[in-house]
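What follows is the residue order along each chain.
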Amino acid sequence: MTTLLLAEHDGKLLSEQTARTLAAAAKLGAPVHVLVAGAGVASIAEAASRLDGVAKVLVADDAAYAHQLAEPLSALLVSLAPNYDALLAPSTANGKSVMPRVAALLDVMQISDVIAIDGTTFQRPTYAGNAIETVTSSDPKLVVTVRGSAFKPVGEGAASAPVEAVAAAGDPVLSRFIKEELDAAERPELTSARIVVSGGRALGSKEKFEELILPLADKLGAAVGASRAAVDAGYAPNDWQVGQTGKMVAPDLYIAAGISGAIQHVAGISDSRVIVAINKDEEAPIFQLADYGLVGDIFTILPELKDKL
Amino acid sequence: MKVLVAVKRVVDYNVAVRVKQDGTGVELDNVKMSMNPFDEIAVEEAVRLKEAGKASEIVAVSVGPQKATETLRTALAMGADRAILVKTDAKVEPLAVAKLLKTVVAEEAPDLVILGKQAIDDDSNQTGQMLAALLGWSQGVFASKVETGEGMLTVTREVDGGLQTVELKLPAIVTADLRLNEPRYASLPNIMKAKKKPIAEKTPEDCGVDIAPRLTVLKTEAPKKRGGGVKLASVDELIEKLKTEAGVL
Ligand SMILES: Cc1cc2nc3c(=O)[nH]c(=O)nc-3n(C[C@H](O)[C@H](O)[C@H](O)COP(=O)(O)OP(=O)(O)OC[C@H]3O[C@@H](n4cnc5c(N)ncnc54)[C@H](O)[C@@H]3O)c2cc1C
């Protein structure tokens, strides 16, 4: 019984999602090996080896894995699978792209976006988090993606697990990386931030979003999120979308400004410790789950809040 | 280029889904059903490819009960040319759906299959990737832009931190994200025309696919409910509460 966990990284740094997924993996009760696949990832492997509960780190250092393309990465995971009973990855864009491919190649039904593990049973949200299913699998192996925000990251120690190189599994060359346009990471990452400030359609323009939401977030050292309506309207980039089909967050403090509280948005924030809603409509559904509500105009409240903090 | 689009009949996105008292699932009686919103985006993309002269034929396919023909009619009204229903009342998991779609692909030989990135009922986000794996095809999932080229596609994907652009060798699988396009509403004349477009039917047995579920759902529960909180009178009061009562500042 051994578990293989696919590390999440951006080619430079190990993502905290890996430590969160490790906490989930620990609940399976088997030793955990972490696979770091990429090009020039020795320092990432080293960082993974220091995480609590890692028995071994496998490194597949090859140009084919430089951009985490699903076709070569799934081939690599499948080549390693015979030695493992469970394969886990965080439910990040990478994990969600690669793991179902692995599952199908192993003839396994993946368990997606798990929020709790108890021995051999798994909890996962369905219907935008309105129904939590408890499932077990009859497959000979488990392929699981883990919702990071549901697990606390494991700690880090000095003791480092052995790091072992593994052979690349060949690249089927079905797809080719062209380019990446990533935001400069000047703020905390949404899915692991302690505070998140999100803006909705009410902001009305990209300029106002930047003028009202960003300075408040920066003063709080917070990550910035947005509703789908705000993203669709171009006020905020795609990957700031919080909700059922965007990012799941669970900060200590979530501030929703000018967001109505549609089911799809709420699905992504309901595990936050404290939710603050600012909305001019006192009937807005967001007030049904907000711990603290302010009824009023964001255009006056947000600057006041920033100045008084 | 021939395009296959997969569509699923799901609970409408506006419905507040309720869990059954006995924990055996969610209330589906008398609930409004619609095409999965991501699949509407997938159909729209196929129709745009056809309108741009890039796609020659669009075949819509659904796995589901007889009523899924309504979903297929919607796809036909949006601009698909014909449809295939793989009819079953059973609950079909993504792996089995991918296997069924693989048999349809074997018969139809499309150059491109477009699916929604996730169904808003089971929220699995698996079927497209699984189909790509079973076919040994390239995949461009969570697509926000698709451009066609000679024997290939350029797909821009929504990833953590921004956008990634990849080139896919055809045949390929694409799954649609929200920003790929804004789906049209079918016009009345097109809805009428869609009634005459053919829908072929087959069963999982005809496809030779075992659809027995691999996962057992032991129970289905409502999430822990958050108690609604209090409305405050001023920004000062909010800051005070966040500092002392909540201790988050
Ligand atoms: C398939 C699908 C997936 C989806 N996935 C997501 C998702 O992941 N995340 C997500 O967020 N949404 C998602 N949605 C969209 C969701 O249904 C809502 O449309 C969206 O969340 C609404 O965004 P909003 O609250 O910003 O806008 P609105 O609902 O328009 O709300 C704006 C709010 O601002 C308030 N307001 C206006 N002016 C002011 C002012 N001056 N001061 C204070 N308050 C003001 C209004 O009272 C209103 O409550 C999805 C929808 C579909 C169909």
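Fair warning: this is a prediction, and the values are worked out from it, not measured in the lab.

### A short note on the packing of aromatic side chains
Part 1 of the argument: By the definition in use, this model includes one aromatic pair over all chains.
Part 2 of the argument: Ring geometry for Phe209 of chain A versus Trp240 of chain A: centroids 6.3 Å apart, planes at 35 degrees, classification tilted. One end of the pair, Phe209 of chain A, is in helix α5 (residues 206-220); the other, Trp240 of chain A, is in the loop between α6 (228-232) and β14 (253-257), with 31 residues separating them in the sequence.
Part 3 of the argument: The buried category is assigned to Trp240 of chain A, whose relative accessible area is 16%.
Part 4 of the argument: Lying across the ring of Phe142 of chain B, Lys117 of chain B places its NZ or CZ 5.8 Å from the centre.
Part 5 of the argument: In this arrangement the basic side chain of Lys231 of chain B is found over the ring face of Phe287 of chain A, its NZ or CZ atom lying 4.8 Å from the centre.

### As for the packing of α5 of chain A against helix α8 (residues 298-308) of chain A
Residues and elements named next belong to chain A.
Part 1 of the argument: Contact geometry of α5 with α8 gives a least axis separation of 9 Å together with a crossing angle of 25 degrees. Compared by their axis directions, α5 and α8 come out roughly parallel. Judged by the sense of rotation from one axis to the other, the crossing of α5 with α8 is left-handed. Across the interface between the two elements, Lys208, Leu212, Ile213, Pro215, Leu216 and Lys219 of α5 pack against Ile298, Phe299, Leu302, Pro303, Leu305, Lys306 and Asp307 of α8.
Part 2 of the argument: Split into classes, the residues belonging to the contact of α5 with α8 amount to nine nonpolar, no polar and four charged.

### Regarding the UniProt feature "domain: Electron transfer flavoprotein alpha/beta-subunit N-terminal" (unreviewed entry) in chain B
Part 1 of the argument: Those places that UniProt annotates as "domain: Electron transfer flavoprotein alpha/beta-subunit N-terminal" (unreviewed entry) correspond, in this numbering, to residues 23-211 of chain B.
Part 2 of the argument: Spanning residues 23-211 of chain B, this segment combines 32% helix with 31% strand, and its end C-alpha atoms are found 24 Å apart.

### Considering α8 of chain A
Part 1 of the argument: Of all the positions in α8 of chain A, only Ile298, Ile301, Leu302 and Leu305 of chain A are classed as buried. Along α8 of chain A, the residues classed as buried sweep out an arc of 95 degrees about the axis, all on the same side. Opposite the buried face of α8 of chain A, at more than 90 degrees from it, the exposed residues are Thr300 and Asp307 of chain A.
Part 2 of the argument: As for α8 of chain A, its buried residues are in contact with α5, β14, β15 (274-279) and β16 (292-295) of chain A together with α7 (235-243) of chain B.
Part 3 of the argument: Sitting at the amino-terminal end of α8 of chain A is Asp297 of chain A, which places a side-chain oxygen 2.9 Å from the backbone nitrogen of Phe299 of chain A.

### Quick notes on the sheet that holds strand β8 (residues 131-137) of chain A
Part 1 of the argument: Judged by pairing direction, the sheet is antiparallel, and its four strands sit side by side in the order β6(A)-β7(A)-β8(A)-β12(B) without closing on themselves. If you trace the sheet from one side to the other, it starts and ends with β6 (116-118) of chain A together with β12 (215-221) of chain B, each paired once. Along the sheet, successive strands turn relative to each other by an average axial angle of 30 degrees, direction set aside.
Part 2 of the argument: Strand direction decides the pairing type here: β8 of chain A and β12 of chain B, joined by six bridges, are antiparallel.

Here is what the cut-offs are and how they apply
Counting from 1, residues in each chain are numbered in the order their sequence is written. Think of it this way: whatever chain is written first is A, whatever ligand is written first is 1, and the rest follow in order. Only residues with pLDDT of at least 70 get local features here, since the model is predicted, and only at 80 or more are side-chain atom pairs given and counted; chain-wide, interface and lining totals rely on the full set of residues. The side-chain figures draw on all heavy atoms in the structure; neither hydrogens nor water molecules are used. Aromatic pairs are defined between Phe, Tyr and Trp rings, using the six-membered ring for Trp, whenever the two ring centres lie within 6.5 Å; interplanar angles under 30 degrees are classed as stacked, those over 60 as edge-to-face, and all others as tilted. Strands are runs of DSSP state E lasting at least 2 residues, helices are runs of H or I lasting at least 4, and numbering of each runs from the N terminus. Using a 1.4 Å probe on the protein chains alone, a residue whose accessible area is under 20% of its type maximum counts as buried, one over 50% counts as exposed, and one in between counts as partly exposed. A positively charged side chain is recorded as over a ring if its NZ (Lys) or CZ (Arg) lies within 6 Å of the ring centre. The angle to the ring normal must also be within 35 degrees. In this description, a line fitted to the C-alpha atoms serves as the axis of each element, helices being fitted only across the stretch in contact, and the angle between N-to-C directions of two axes falls anywhere from 0 to 180 degrees. Each angle gets one of four labels, with under 35 degrees taken as roughly parallel, over 145 as roughly antiparallel, 65 to 115 as roughly perpendicular, and the rest as oblique. With the far helix as reference, a near helix turned anticlockwise by less than a right angle produces a left-handed crossing, and one turned clockwise produces a right-handed crossing. Only heavy atoms enter the contact rule, under which two residues are in contact if any of them lie within 4.5 Å. Side-chain classes are defined by residue name, with Ala, Val, Leu, Ile, Met, Phe, Trp, Tyr, Cys and Pro counting as nonpolar, Asp, Glu, Lys and Arg as charged, and the others, Gly among them, as polar. UniProt positions are given in the numbering used here, feature names are shortened, and annotations may be inferred rather than shown by experiment. In this description, one arc is meant: the one made by directions from the helix axis to the C-beta atoms. Definition of a polar contact: a pair of N or O atoms within 3.5 Å, with one able to donate and the other able to accept a hydrogen when the atoms are protein atoms, and with sequence-neighbouring residues admitted only if both atoms are side-chain atoms. Here a strand pair is declared whenever DSSP counts at least two bridges between the two strands.

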